[in-house]
Amino acid sequence: MMELLSFRCSSSYQFAWVNCKVVEKGLKLRRSKLFLNGKRRLVYSVMRPGWNLGAYDHLNGSEIRNLYEQQGFLSGMRAEVAADNCNHYGTDGVIGLGGISEKVDSVEKVLIPGLPDGSDGNPESPISSGFWEWKPKFTVHYEKSGTENVGSPAVLFLPGFGVGSFHYEKQLKDLGREYKVWALDFLGQGLSLPSEDPAPLVKDGKDVSEGEDLMWGFGEETEPWAEELVYSVDLWRDQVRHFVEEVIGEPVYIVGNSLGGFVSLYFAARYPQLVKGVTLLNATPFWGFLPNPITSPRLAKIFPWAGTFPLPAKVRKLTELVWEKISDPESIYEVLKQVYADHSTKVDKVFTRIIEITQHPAAAASFASIMFAPRAQLSFEETLSRYIKNYLCRSQDVPICLVYGKEDPWVKPIWGLQVKRQVPEAPYYEISPAGHCPHDEVPEVVNYLLRGWIKNLESKGSIHLPLLDDPEYPQYGDSWDVEFIRGGSRKSVSVHLFGSKFSIWNKISSFVESQVVNYLLCGWIKNLESKGSIHMPLLDDSEYPQYGDP
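Nothing here was measured: the structure is a model prediction, and the numbers come from that model. (Residues numbered from 1 in each chain as written. Predicted model: local features only at pLDDT ≥ 70, side-chain atom pairs only at ≥ 80, totals over all residues. Heavy atoms only, no water.)

1. Thoughts on the overall build of the chain
Link 1 in the chain: The number of helices and strands found in the chain is 14 helices and 20 strands.
Link 2 in the chain: Buried positions account for 52% of the 550 residues belonging to the chain.
Link 3 in the chain: Across the chain, the fraction of contacts at a sequence separation of at least 24, relative to all contacts at a separation of at least 6, is 71%.
Link 4 in the chain: Counting every atom, the chain has about 26,100 Å² of accessible surface; 53% of that belongs to carbon and sulfur. (Helix = DSSP H or I, 4+ residues; strand = E, 2+ residues; numbered from the N terminus. Buried < 20%, exposed > 50% of the residue type's maximum accessible area, 1.4 Å probe, protein only. Contact = heavy atoms within 4.5 Å. Areas by Shrake-Rupley, 256 points an atom, 1.4 Å probe, with all protein chains shown as cover.)

2. Remarks on the pattern of salt bridges
Link 1 in the chain: Within the structure shown, the criterion is met by 19 salt bridges.
Link 2 in the chain: In this structure, Asp174 engages Arg451 in a salt bridge whose closest nitrogen and oxygen atoms are separated by 2.9 Å. Taken together, the residues span a long stretch of sequence, with Asp174 in helix H2 (residues 169–175) and Arg451 in helix H13 (residues 443–458) at a distance of 277 residues.
Link 3 in the chain: Overall, the relative accessible area of 13% leaves Arg451 in the buried class.
Link 4 in the chain: Residues joined in a network through salt bridges with shared partners are Asp174, Arg177, Glu178, Arg451 and Lys455. (Salt bridge = Lys/Arg side-chain N within 4 Å of Asp/Glu carboxyl O.)

3. As for helix H11 (residues 413–422)
Link 1 in the chain: Turning to H11, its buried residues are Pro413, Gly416, Leu417, Val419 and Lys420. Down the axis of H11, the sector holding all buried residues measures 155 degrees, keeping them to one side. (Arc of directions from axis to C-beta.)

4. Structural notes on the side chain of Thr222
Link 1 in the chain: Note on placement: Thr222 falls in the loop between strand E14 (206–207) and helix H3 (233–248).
Link 2 in the chain: For Thr222, a relative accessible area of 18% translates into the label buried.
Link 3 in the chain: A distance of 2.5 Å separates the side chain of Thr222 from the backbone oxygen of Phe309, its partner in a polar contact.
Link 4 in the chain: When near neighbours in sequence (up to four residues on either side) are disregarded, Thr222 contacts Pro198, Ala199, Glu227, Phe309 and Pro310. (Polar contact = N/O pair within 3.5 Å; in protein donor to acceptor, adjacent residues only side chain to side chain.)

5. Observations regarding H3
Link 1 in the chain: Relative to the 22 Å expected for 16 residues at 1.5 Å per residue, H3 spans 21 Å between its end C-alpha atoms, a close match to the ideal helical length.
Link 2 in the chain: Taken together, the buried positions of H3 are occupied by Val233, Asp234, Leu235, Trp236, Arg237, Gln239, Val240, Phe243, Val244 and Ile248.
Link 3 in the chain: With its phi angle positive at about 80 degrees, Gly249 sits one or two positions after the end of H3. (Expected span 1.5 Å × (residues − 1).)

6. Some details on the pairing of strand E8 (residues 107–111)
Link 1 in the chain: Among the five residues that make up E8, zero are buried, leaving the element largely open to the surroundings.
Link 2 in the chain: Of the pairings in the sheet, the one linking E8 to strand E19 (residues 478–486) comprises five bridges and is parallel in character. In the sheet register, Glu108 faces E19, and the bridge partner there is Trp480. (Pairing = 2+ DSSP bridges.)

7. Section: the nonpolar core
Generally speaking, soluble globular proteins have nonpolar side chains that are buried together.
Link 1 in the chain: Ranked by internal contacts, the top residues of the largest apolar core, which has 81 residues, are Leu156, Val233, Trp236, Val240 and Ile254.
Link 2 in the chain: Discounting chain neighbours no more than four positions away, the residues touching Leu156 are Trp182, Ala183, Leu184, Val240, Phe243, Val244, Ile248, Val252, Tyr253, Ile254 and Val255.
Link 3 in the chain: Grouped together as the second largest cluster of nonpolar side chains are 33 residues, Ile112, Val255, Tyr429 and Val495 included. (Core = buried A, V, L, I, M, F, W, Y, C linked by side-chain atoms within 4.5 Å.)

8. Let's talk about a negative patch on the surface
Link 1 in the chain: Together, Glu324, Asp328, Glu330 and Glu334 make up a negatively charged patch on the protein surface.
Link 2 in the chain: Position of Glu334 among the secondary structure elements: in helix H7 (residues 329–339).
Link 3 in the chain: Judged by relative accessible area, which is 46%, Glu334 ranks as partly exposed. (Patch = residues over 30% accessible without salt bridge, like charges linked within 9 Å, V, L, I, M, F, W, Y side chains within 5 Å. Lys, Arg positive; Asp, Glu negative; His and termini not counted. Charge placed at Lys NZ, Arg CZ, Asp CG, Glu CD.)

9. What to know about the side chain of Asp197
Link 1 in the chain: Mapped onto the elements of the fold, Asp197 is located in the loop between strand E12 (180–184) and strand E13 (202–203).
Link 2 in the chain: No salt bridge is formed by the buried Asp197. Its closest oppositely charged neighbour is Arg316, at 10 Å.
Link 3 in the chain: A distance of 3.0 Å separates a polar side-chain atom of Asp197 from the backbone nitrogen of Ala199.

10. Some remarks on unusual backbone geometry
Link 1 in the chain: The residue after Phe309, namely Pro310, is reached through a cis peptide bond having omega 5 degrees.
Link 2 in the chain: Of note, Pro310 is situated in the loop between helix H5 (297–300) and helix H6 (313–326).
Link 3 in the chain: Of note, the bond from Ser432 into Pro433 is cis; its omega dihedral lies within 30 degrees of zero at 0 degrees.
Link 4 in the chain: Mapped onto the elements, Pro433 comes out in the loop between strand E18 (428–432) and helix H12 (438–441).
Link 5 in the chain: In the Ramachandran plot, Ser258 falls in the positive-phi region, its phi being about 55 degrees despite a non-glycine side chain.
Link 6 in the chain: Looking at where Ser258 falls in the secondary structure, it is placed in the loop between strand E15 (252–257) and helix H4 (259–270).
Link 7 in the chain: Residue Ser258 is classed as buried on the basis of its relative accessible area, which comes to 10%.
Link 8 in the chain: Phi at Asn282 takes a positive value of approximately 50 degrees, unusual for a residue other than glycine.

11. Overview of the packing of aromatic side chains
Link 1 in the chain: Inspection of every chain in the model, using the stated rule, returns 20 aromatic pairs.
Link 2 in the chain: With centroids separated by 5.7 Å and ring planes inclined at 70 degrees, the aromatic side chains of Phe262 and Phe380 adopt a geometry described as edge-to-face. Within this pair, whereas Phe262 is found in helix H4, its partner Phe380 is found in helix H10 (residues 380–393), the two being separated by 118 residues in sequence.
Link 3 in the chain: According to the relative accessible area criterion, Phe380 is buried, its value standing at 6%.
Link 4 in the chain: Through successive ring pairs, a cluster of aromatic residues spans Trp132, Trp134, Phe138, Tyr142, Trp225 and Phe243.
Link 5 in the chain: Positioned above the aromatic ring of Trp134 is the side chain of Lys135, whose terminal nitrogen or guanidinium carbon lies 4.5 Å from the ring centre. (Phe/Tyr/Trp six-rings, centres within 6.5 Å; stacked < 30°, edge-to-face > 60°. Lys NZ or Arg CZ within 6 Å of the ring centre and 35° of its normal.)

12. Comments concerning the packing of H3 against H4
Link 1 in the chain: Taken N-terminus to C-terminus, the directions of H3 and H4 make an angle of 65 degrees; their axes are 9 Å apart at the nearest point. In terms of their interaxial angle, H3 and H4 are classed as roughly perpendicular. Of the two elements, H3 crosses H4, and the hand of that crossing is right-handed. Residues Val233, Asp234, Trp236, Arg237, Val240, Arg241 and Val244 of H3 touch H4, and the partners they reach there are Leu259, Phe262, Val263, Tyr266, Phe267 and Arg270. (Axes fitted to C-alpha atoms, helices over the stretch in contact; angles between N-to-C directions. Parallel < 35°, antiparallel > 145°, perpendicular 65-115°, else oblique. Left-handed = near helix turned anticlockwise from the far one by under 90°.)

13. Brief notes about the environment of Trp415
Link 1 in the chain: As for its position among the elements, Trp415 is in helix H11.
Link 2 in the chain: Given the relative accessible area of 27%, Trp415 is considered partly exposed.
Link 3 in the chain: Look past the residues within four positions of Trp415 in its chain and what remains in contact with it is Pro285 and Phe286.

14. A few points about the sheet that holds E18
The pairing of strands in a sheet comes from backbone hydrogen bonds and takes either a parallel or an antiparallel form.
Link 1 in the chain: Reading across the sheet, the 11 strands line up as E8-E19-E20-E18-E17-E16-E15-E11-E12-E10-E9 and stay open at both edges, with mixed pairing between neighbours. Each edge of the sheet is formed by a strand with only one pairing partner; in this case those strands are E8 and strand E9 (128–135). Across the sheet, the mean angle from the axis of one strand to that of its neighbour is 25 degrees, orientation sign disregarded.
Link 2 in the chain: In this sheet, strand E10 (residues 138–145) lies alongside E9 in antiparallel orientation, the contact comprising seven bridges. Residue pairing across strands places Gly130 opposite Tyr142, the latter belonging to E10.

Okay, here's the thing in structure tokens:
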């Protein structure tokens, strides 16, 4: 494989790291002293006027080969680089998707365990429900399993929009056999809806909310406990923080689907000391439409309402119309058909639980508050940047695992690949067929991957990542036909893993490279300041090499 990490000092000078390693069926090498024993060499090259590598930010393997061969990027070097086997590379600080190739030489079959059902003497882990009073009138519903597994890691599942902890029943029953597992309902969703009307209707000086078929939150005045209530990402982040501190009582592996994925990453970036690892299941990369009053106070003032109670009159009318449509059982069923790629998946329980939620008198107003809530203080991109900053500075080491359903109609896999591109050491598993909720559609596979990933982290790498027999990460991608037993018959899905090399040596190597880059920069600046009387770094002769010397 070849890895090209370039640092452009000007339009005339280019410093580049070239990682060279022979991989099976990968590179055909010719007449190059650089391709020796997979070692890393520093190449210094003076470029012809007019060259601008900024145009090559996203080259594929074939284009890089043309750059090498046609423009003489490296002196005396000609290499046939397989077009689909080009590793991560960067120009001008941009990492391309070259290292996330979908080329697969072979497909292996792997048989994994099915879900426990007690038929083979392997019973399910029982689930228990509870309610936790976070603040007065703020009661949070959660489910737990395996809490008797003292000494085992704690795992917390966060649901997507419109569902709740029930959506992780298959994880709690299975993973609860080994781990301490929790799943909670966000405030304003699931069974964490308020038990009192936050803005009751008043008629003739009398509260008429109770005993009548009315929707809560449609009154003119807000109850004192709900004056600052708005169901937003920032509220849910704080909810998760206090739940981890007060209920779980130890750092957790946090797993989030869709909206829960956003909150998981947001929470981990803000409170990394409470998180041991993050798994994103088709995480939505955006949430909220209105500006945040803390980060954009002037812009936020333009909008008269941002999800607080009471709902304005126009919003109440709009909510009634929209809610009548989206809460209709036929509409809910159509949405489930859309987000589940395998229509043979049984969704009866999920469907029934969603219907129950929509019938709660607080559901409609809570929906309106969520839809009009301001954006989070940090966007998904900013949250990821903060995570990367924490990770690079090693102030907190919070690994990420990515598990995405390939056929998701809402959060396309490209969003997961963008996270992968920015966090290349994160394993990325793509399951097909699977849609927006892979944990419920193919729980056997998701549980298998989660269990293996946690074991890999807990063992500090001595246990390989799931689906990897070789401790070396795949540089490009491998696919498996993963089979499991469900309902007495065998099912199969395809799992594609995009991997990245990552080791202690990589960390040390990156540090050394940064020191060399500083040396090159200083030398280059001295050369310019001295008007050429001080040679460029690594040059003992004022005669510049035309193409490159190693």
